[in-house]
Amino acid sequence: MDGSKFDQEPVNEEELLVQGYRKYHGEGVDIYYNKDICAHIGNCVRGNPEIFEVGRRPWIIPDNGSAENASYVVNTCPSGALKYIVKN
């Protein structure tokens, strides 16, 4: 799944927030999470436990990895609960 798109169109922050996603700010990438969509498969925490750690608050820290790795891990989310926007 491409975590930077909805129905083949690039995601934008306004749309994500309206749809119930929560923003986790990073320097190179922002990660968005929607708990109502999450299927709890765990690809995120297995993909990079430095960025995604369930017992920590906040549980997503985008700057604990590269923007490239964060986007790769988000793309493994089968439910679409995770999205990202890479900053230029």
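Residues numbered from 1 in each chain as written. Predicted model: local features only at pLDDT ≥ 70, side-chain atom pairs only at ≥ 80, totals over all residues. Heavy atoms only, no water.

Naming follows an unreviewed UniProt entry, where the protein appears as Divergent 4Fe-4S mono-cluster domain-containing protein of Enterococcus malodoratus ATCC 43197.

Chemist: Can you break down the sheet that holds strand β4 (residues 29-33) residue by residue, with the values?
Modeler: With respect to topology, three strands assemble into an open sheet ordered β3-β4-β5, the strand pairing being antiparallel. The open sheet is flanked by β3 (22-24) and β5 (82-86), the only strands paired with a single partner. Geometrically, the sheet is characterised by an average inter-axis angle of 25° between neighbouring strands, direction not taken into account. Both β3 and β4 contribute to a ladder of three bridges, which runs antiparallel. Following the sheet pairing, R22 is matched in β4 by Y33. Packed onto the sheet, helix α3 (residues 67-75) meets β4 and β5 and runs at close to 150° relative to β5. (Pairing = 2+ DSSP bridges. Helix = DSSP H or I, 4+ residues; strand = E, 2+ residues; numbered from the N terminus. Axes fitted to C-alpha atoms, helices over the stretch in contact; angles between N-to-C directions. Contact = heavy atoms within 4.5 Å.)

Chemist: Could you give me a rundown of the pairing of β4, with the residues and numbers involved?
Modeler: Taken across its five residues, β4 has five buried, putting it largely inside the fold. Both faces of β4 are covered, namely the face carrying V29, I31 and Y33 and the face carrying D30 and Y32. What sits between the antiparallel neighbours β3 and β4 is a turn of four residues. Taken together, the five bridges between β4 and β5 define a ladder with antiparallel strand orientation. Along β5, the bridge assignment pairs Y32 with K83. (Buried < 20%, exposed > 50% of the residue type's maximum accessible area, 1.4 Å probe, protein only.)

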